[in-house]
Amino acid sequence: MQRFLKFAMVLGLAPGLFAALTEEQRVQDFQTLASIYAKSYGPANWKIQSLGVNIFEIGPWLKKVRAAKSDLDYAVVAMQYVASFQDGHDSVTVASNFAADLGFYVDLYDNKVVIDLVDRTALPSRTYPFVAGDELVSLDGKPAMEIATELAKLEGWGNPRSALRWAIDKITYRFQANEPHAVELPDESTVVIRRQNGDLETYQIAWRKSGFPIRSFGAAPTPGALSTGLRLGGRRGGPVVDIEPTWDDLPDWKKLYYDSFYMGMSKTRLRDRGKAGILNEDGTETTPHAVINFGGRAPIFALPSGFVLRQGRLSSDPFYSGTYMSEGQRIGLIRIRNFATLSTSQVNQFATEINYFNANTDGLVIDVMSNPGGNVCTPNDLAKYLIPNGFNHIGLAFRPTLSLIASYDSIASQLDALGAPSYYGANYRFYRDVLFDAFHDGRGMTGAIPVCSQTLANYPDFPVASSPNAYQKPLIVLIDDFSTSAGDAFPALLQDNKRGKLVGTRTAGAGGSVVDVSAGWWSETTATLTQSLMVRNQEYSYDHFPRSPFLENVGVRPDIALDYMTVANVTQRGKPFVDAFTKILVEEIQAAKP
């Protein structure tokens, strides 16, 4: 009996023993996180120069780490440290799948927190009559904008408005992965909404919670304590990962080339709302991700009356396209939802559309609003069909590290062994040598490397060849706060080559390539790390920034400012916005005619 009581006491103490990290474990994890960025963060010097943010000064952050009262508080400090870089690619996440959802979603319209979507399966209109266009005033007595300001400290973006909009989205839809204290939300919240007629209405709305809540990271188990053996597996099977075999028709060396040489530019920030379909006011279903239409197949705005759809009926369609008439001009429109690596057939699909537009339209609208990015080279693949007579493309300047040097050398050897044409391996050896020289000389960055060109001579002055069937007529490109990463690079490429007007708002300013890293073994957190800076072919000068060729933080600025984020566009499904950009293109068409 005495032996049993001692064992029971040990079991009773177990939750306390394993409940939280020690102060020193938190300090070790934070120092690991900071050292990863100190060694490998590409934009480090640019952040000092442009923003006055010194990632190497961690003394004040260590004080916050030591003052943390819980593991969740520590995670907040780690997130705030990385968010202070104001980098749309970089963040820290907790290993949690817990989510909480109020059933309606908000964004920034006319500088207010405004509802833009209500899930009527969760909030039927007879009980919750508020609609898109109404303003969220407060949640549990706290002003909505004040909540967003606090949440914005957890995830950085290069564009301050992008950061605020991303945080506003999280007011009513929380993930513990990037908001540690989401598990502390009440079962229901008091919501105050200002209707469009000015009336204030108060509702009690239950949070729909899912996933497994994490309240501590747990100290390492004491050696030998309570353990009698190992069990294989858990109570549930792992997730099923569905990978589309995009490159099955390519030889092994070509697959290696695309997997490594065509670097991924964005850490995808898409996240499901937790439901396969959200029921809209008109009875249709939506599957939104993060802010509305981030990476969406169709445009965020309703197309004009008479729009004839060509591509985009199927969820697998890489593009959404069609035509409509305005003032006697036939307008083509194509939406590029992301810049994922494209198969040959998908590139041909884009080329087919451009051939059609060349023969059947007077001008073209290219929509890259809320495009989350993807592959650094896909913008070039598509620009060949939009910029006649060749063009210069964007390069990458890297933070030199031994791991990159060794990786490039290894890839070059593998390409040779797989029978790739010799210039593929030669390119990688060139990159290896550029990195090694910068590493050896103690320079923080290399010069711009032409990562999407097989011709290194005379870069960047040697133009990329355009397609003989490149679009010849006037075009405009729609951009916004969430044209991100490769979604920054694409409009920059067209602007640098003086092809068409950019219409919209400043892009996200996420201008580099990114990898995943462990942010600490004790906390089991992960982080994303920007290794490089996108370098444009021209330098630009904007308020609050030094003159530079970089996209990071600066973003791409529109030639013609036009903001979708107004209540009028929410309530009229984007009609004012569509009318405005259509008028801009019609004027471009008329000006181009003899």
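Before reading on, note that the structure itself is shown above.
Along every chain, residues carry numbers that run from 1 in the direction the sequence is written. Selection of residues for local features in this predicted model requires a pLDDT of at least 70, selection of side-chain atom pairs for listing and counting requires 80 or more, and totals for whole chains, interfaces and linings are taken over all residues. Note: side-chain values were computed over all heavy atoms of the structure, leaving out hydrogens and water.

## A closer look at the overall build of the protein chain
Inclusion rule: Only runs of H or I of at least four residues qualify as helices and only runs of E of at least two qualify as strands under DSSP, and these elements are numbered from the N terminus. A simple rule labels every residue: compare its accessible area, found with a 1.4 Å probe on the protein chains alone, to the largest value its type can have, and call it buried under 20%, exposed over 50%, or partly exposed in between. Residue burial considers only the protein chains on display, and all accessible areas are found by Shrake-Rupley using a 1.4 Å probe.
Tallying secondary structure elements over the protein chain gives 15 helices and 24 strands in all. Considering the protein chain as a whole, with its 594 residues, one finds that 54% of them fall into the buried category. Here the protein chain has roughly 26,100 Å² of accessible surface; of this, 53% comes from carbon and sulfur atoms.

## Description of the packing of aromatic side chains
Rules: Pairing of aromatic rings covers Phe, Tyr and the six-membered ring of Trp, with a centre-to-centre limit of 6.5 Å; geometry is then stacked below 30 degrees between planes, edge-to-face above 60, and tilted otherwise.
The final tally for this structure, using the stated rule, is 34 aromatic pairs. With a centroid separation of 5.6 Å and 70 degrees between ring planes, the pair formed by Tyr37 and Tyr41 is classed as edge-to-face. Grouping residues by exposure puts Tyr37 and Tyr41 together as buried. Geometrically, the ring pair formed by Trp166 and Phe294 is edge-to-face, given 5.7 Å between the ring centres and 75 degrees between the ring planes.

## Describing the pattern of salt bridges
What counts is decided by this rule: Just to be clear on terms, a salt bridge is a Lys or Arg side-chain nitrogen sitting within 4 Å of an Asp or Glu carboxyl oxygen.
Tallied over the entire structure, the rule returns 28 salt bridges. A salt bridge links Glu552 to Lys47, with the nearest nitrogen and oxygen atoms 2.8 Å apart. You can see Glu552 sitting in the loop between strand 23 (548–550) and strand 24 (560–561) and its partner Lys47 sitting in helix 3 (residues 44–51), a full 505 residues away along the chain. We note that Glu552, like Lys47, is buried. A salt bridge links Asp367 to Arg335, with the nearest nitrogen and oxygen atoms 3.2 Å apart. Placement of Asp367 in strand 16 (residues 363–367) and of Arg335 in strand 15 (residues 329–336) is noted, with a sequence separation of 32 residues between them. Taking the relative accessible area as the measure of exposure, Asp367 reaches 0% and is therefore buried.

## Observations concerning the sheet that holds strand 18 (residues 475–479)
Sheet strands associate in pairs through backbone hydrogen bonding, adopting either a parallel or an antiparallel arrangement. Rules: Strands pair, by our definition, only if DSSP identifies at least two bridges between them. Between two residues, a contact is recorded if the distance between any of their heavy atoms is within 4.5 Å. Working convention: axes come from line fits to C-alpha atoms, limited for helices to the stretch in contact. Angles between N-to-C directions cover 0 to 180 degrees.
The strand order 13-14-15-16-18-19-24 describes an open sheet built from seven strands, whose pairing is mixed. Only two strands of the sheet have a single neighbouring strand rather than two, namely strand 13 (308–311) and strand 24. Bridge analysis of strand 18 against strand 19 (residues 501–504) gives four bridges, and the strand direction is parallel. Paired with Val477 across the two strands is Leu502, which belongs to strand 19. Where helix 13 (residues 486–496) meets the sheet, it contacts strand 15, strand 16, strand 18 and strand 19, and its direction lies at approximately 145 degrees from that of strand 18.

## Focus on unusual backbone geometry
Even without a glycine there, the phi angle at Glu327 is positive, about 50 degrees. Checked against the element boundaries, Glu327 lands in the loop between strand 14 (319–326) and strand 15. Positive phi, close to 50 degrees, is recorded for Ser370, a residue that is not glycine. Inspection of the secondary structure puts Ser370 in the loop between strand 16 and helix 10 (378–383).

## Describing the packing of helix 2 (residues 23–40) against helix 4 (residues 59–67)
Formally: The labels follow the angle: roughly parallel below 35 degrees, roughly antiparallel above 145, roughly perpendicular from 65 to 115, and oblique for the rest. For any pair of crossing helices, the crossing counts as left-handed if the nearer helix is rotated counterclockwise from the farther one by less than a right angle, and right-handed if it is rotated clockwise. Each residue is assigned to one of three groups, with Ala, Val, Leu, Ile, Met, Phe, Trp, Tyr, Cys and Pro labelled nonpolar, Asp, Glu, Lys and Arg labelled charged, and all others, Gly among them, labelled polar.
Contact geometry for helix 2 and helix 4: axes closest at 9 Å, N-to-C directions at 150 degrees. Taken together, the axis directions place helix 2 and helix 4 in an arrangement best described as roughly antiparallel. For the crossing formed where helix 2 meets helix 4, the hand is right-handed. Within the contact between the two elements, helix 2 uses Glu23, Glu24, Arg26, Val27, Phe30 and Gln31 and helix 4 uses Trp61, Leu62, Val65 and Arg66. Partitioning the contact of helix 2 with helix 4 into residue classes produces five nonpolar, one polar and four charged.

## Structural notes on the environment of Thr172
Structurally, Thr172 is set in the loop between helix 7 (160–169) and strand 7 (173–175). Classification of Thr172 by relative accessible area gives buried; the value is 0%. For the pair Thr172 and Leu139, spaced 33 residues apart in sequence, the C-alpha separation works out to 8.9 Å. Excluding anything up to four places from it in sequence, Thr172 contacts Ala100, Asp101, Leu102, Phe104, Tyr105, Val106, Leu136 and Trp207.

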